[in-house]
Amino acid sequence: MKNEQRQATPQADKNEEHSAIKQGGMQLRRVLGLRETVALGIGGTIGGAIFVLVGVAIREAGPGILLSFSLAFLATLFIALPYIELACRYPLAGGSYAFIREVLGRHCGFAMGWIYGGAYLFISGYVSLGFGAYLRALLGVPQLVGTLTLILVIVVINLIGAQLFARVQSVVVLLVVIALVGFGVVGLPHVQFSHFAPFVPNGLGGILAAAPLMFLASSGFDSMVTASEEIKSPERTLPRALLLTLGIVFVLYALVIFVAVGVLSNNALSSSAPLAKAAALVLGPVGRRFIAASATLATAAMENAILIITS
């Protein structure tokens, strides 16, 4: 009996510690519903990746980028499902940091916290500078001014409260989705199937080389997991939000990539900005500005999501 009590004590201590973490004074308010959680996931995923990495991936795989994207999406799904399972078991702020701290202890959690925190700080700088570059192309505003203005506005929004952040994020993400769907729908009648031949110009190697790039463009779902302590009923909301986020992103990416490849010839696909070039062919001179505006909104949504998960 004494041995059983001694063996049960560490587990009891761990349960009490976990309960204290969830119910202690440091607990965040659960104000994010399904819509806001999906907006956080989509905003953290799309960003400017679809406007930049797609061009690099197309140069590697040609029209076969559709296969590369399918492989990348499958890998994302296999990673996302256990990730969400952990988030439902440990619905705490911090995502991977919280998981590792709970399972492997405080020291490993400390190391992972600094790794993720540092990575997100670098990503935040990259994304905010990207916003400044797109805003300069759109309105002529100096890049540094646009970058600092975005950071200031997002900080003020988040200091006011999570509810305002959620509303702003939902509106911006909705505009991005509408813009990308609009590009796809308008471009579909201009698709020429002859542009898909040869479908795999660089063979299997090109498809495999482009797959990691598309995986990077598809990642970002973890933003909703990192904020799980602010999500209402996370055990129910997170799985639904994950499936909705991945489904919406998959449809958007597949539509945009299909239209870009179908509109542009093989020579034009090597452009560093294929979406802008395709939009210019479909919409005329206003097409490039349309893509620049879409990318500006997408990077703003991603920066907003990154600030939340970094904090």
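Figured I'd write up the structure that's included with this text. No experiment lies behind these values; they were computed from the predicted model shown.

1. Let's talk about the packing of aromatic side chains
Line of reasoning, step 1. Under the defined criterion, the tally for this structure stands at ten aromatic pairs.
Line of reasoning, step 2. Between Tyr 116 and Tyr 120, the ring centres sit 5.9 Å apart and the planes meet at 55°, which makes this aromatic pair tilted. One end of the pair, Tyr 116, and the other, Tyr 120, are both in helix α6 (residues 106-139), four residues apart, so they sit about a helical turn from each other.
Line of reasoning, step 3. An aromatic cluster is defined as three or more aromatic residues linked by ring pairs; in this entry it consists of Phe 69, Phe 73, Phe 250 and Tyr 253.

2. A closer look at the nonpolar core
What tends to happen in soluble globular proteins is that the nonpolar side chains get buried as a cluster.
Line of reasoning, step 1. Ile 46, Phe 51, Ile 65, Met 214 and Tyr 253 are the most contacted members of the largest nonpolar core, which totals 74 residues.
Line of reasoning, step 2. Looking at this core element by element, the count peaks at 14 residues for helix α11 (residues 234-263).
Line of reasoning, step 3. If we ignore the near neighbours within four places in the chain, the residues touching Met 214 are Val 54, Ala 57, Ile 65, Ser 68, Phe 69, Ala 72, Tyr 253 and Ile 257.
Line of reasoning, step 4. Of all hydrophobic cores here, the second largest spans five residues; its members include Phe 131, Leu 150, Ile 154 and Ala 300.

3. What about the packing of helix α2 (residues 34-46) against helix α8 (residues 162-187)?
Line of reasoning, step 1. For the pair α2 and α8, interaxial distance at closest approach is 9 Å and the crossing angle is 55°. Between α2 and α8, the angle is such that the two are oblique. Crossing of α2 against α8: the hand is left-handed. For the pair α2 and α8, contact is made by Arg 35, Glu 36, Ala 39, Leu 40, Ile 42, Gly 43 and Ile 46 and by Phe 165, Ala 166, Gln 169, Ser 170, Val 173, Val 176 and Leu 180, respectively.
Line of reasoning, step 2. Per-class residue counts for the contact of α2 with α8 are nine nonpolar, three polar and two charged.

4. Focus on the pattern of salt bridges
One side chain can pair with another of opposite charge once the charged atoms of both are near each other.
Line of reasoning, step 1. For the coordinates displayed, the defined rule picks out two salt bridges.
Line of reasoning, step 2. A salt bridge links Arg 35 to Glu 36, with the nearest nitrogen and oxygen atoms 3.2 Å apart.
Line of reasoning, step 3. Using a relative accessible area of 59% as the deciding quantity, one classes Arg 35 as exposed.
Line of reasoning, step 4. A salt bridge links Glu 102 to Arg 101; its shortest N-O distance comes to 3.7 Å. Arg 101 matches Glu 102 in its accessibility class, with the two residues each being buried.

About the thresholds
- Residues numbered from 1 in each chain as written.
- Predicted model: local features only at pLDDT ≥ 70, side-chain atom pairs only at ≥ 80, totals over all residues.
- Heavy atoms only, no water.
- Phe/Tyr/Trp six-rings, centres within 6.5 Å; stacked < 30°, edge-to-face > 60°.
- Helix = DSSP H or I, 4+ residues; strand = E, 2+ residues; numbered from the N terminus.
- Core = buried A, V, L, I, M, F, W, Y, C linked by side-chain atoms within 4.5 Å.
- Buried < 20%, exposed > 50% of the residue type's maximum accessible area, 1.4 Å probe, protein only.
- Contact = heavy atoms within 4.5 Å.
- Axes fitted to C-alpha atoms, helices over the stretch in contact; angles between N-to-C directions.
- Parallel < 35°, antiparallel > 145°, perpendicular 65-115°, else oblique.
- Left-handed = near helix turned anticlockwise from the far one by under 90°.
- Nonpolar A, V, L, I, M, F, W, Y, C, P; charged D, E, K, R; others polar.
- Salt bridge = Lys/Arg side-chain N within 4 Å of Asp/Glu carboxyl O.

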